[in-house]
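# Structural overview for review
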Amino acid sequence: MRATRSTVEKRLAFIRANLGLDYELQYSSAYSYPCKIVSRGGSHDESQRMRTSEALEWCNGFINAYFACQEEESIDD
């Protein structure tokens, strides 16, 4: 899968919908590292500037942790 801005935005939409977090992508092509994950309406940085592929990895790691926690809860029940 090619790492694109829209792919990162789809992953962040999943995070917003399932975890209730307000993470957004700030994208600026003026930088060598155009992506930054922010929250609270852009007032709080969740990450440093990174490449689009790194932003996708950041989102995937977050989603993997979410599912790992869900599995732990179902095992404990």
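Look up a bit, the structure's there.
Structure report, in brief. (Residues numbered from 1 in each chain as written. Predicted model: local features only at pLDDT ≥ 70, side-chain atom pairs only at ≥ 80, totals over all residues. Heavy atoms only, no water.)

On to the environment of Ala-13. With respect to the helices and strands, the residue Ala-13 is situated in helix 1 (residues 5-19). Taking relative accessible area as the criterion, Ala-13 reaches 33% and is therefore assigned partly exposed. Taking the C-alpha atoms as reference points, Ala-13 and Glu-24, separated by 11 residues in sequence, lie 8.3 Å from one another. (Helix = DSSP H or I, 4+ residues; strand = E, 2+ residues; numbered from the N terminus. Buried < 20%, exposed > 50% of the residue type's maximum accessible area, 1.4 Å probe, protein only.)

By the definition in use, this model includes 3 salt bridges. The closest approach of N and O atoms between Asp-45 and Lys-36, which form a salt bridge, is 3.5 Å. In this structure Lys-36 comes out as buried when scored by relative accessible area, which is 15%. (Salt bridge = Lys/Arg side-chain N within 4 Å of Asp/Glu carboxyl O.)

With that out of the way, let us pick up the nonpolar core. Counting 12 residues, the largest nonpolar core is built from Val-8, Leu-12, Ile-15, Tyr-23, Leu-25, Cys-35, Ile-37, Met-50, Ala-55, Leu-56, Cys-59 and Ile-63. Every element with two or more residues in this core is listed here: helix 1, strand 2 (35-39) and helix 2 (52-76). The element contributing the most residues to this core is helix 2, with 4 residues. (Core = buried A, V, L, I, M, F, W, Y, C linked by side-chain atoms within 4.5 Å.)

Turning our eyes to something else, we now look at the packing of aromatic side chains. If you walk through the whole model with that rule in mind, you get 6 aromatic pairs. Note on Trp-58 and Phe-62: the rings are 5.4 Å apart at their centroids and 25° apart in plane angle, and the pair reads as stacked. Note that Trp-58 and Phe-62 are positioned in helix 2 at a spacing of 4 residues, about one turn of the helix. Pairing Tyr-66 with Phe-67 gives two aromatic rings, centres 5.2 Å apart and planes at 65°, and the pair type is edge-to-face. On the basis of relative accessibility, which here comes to 17%, the residue Tyr-66 falls in the buried class. Ring pairs connect the aromatic residues Phe-14, Tyr-66 and Phe-67, which therefore count as one cluster. Of note, Arg-49 hangs over the ring of Tyr-31, and the distance from its end group to the ring centre comes to 4.0 Å. (Phe/Tyr/Trp six-rings, centres within 6.5 Å; stacked < 30°, edge-to-face > 60°. Lys NZ or Arg CZ within 6 Å of the ring centre and 35° of its normal.)

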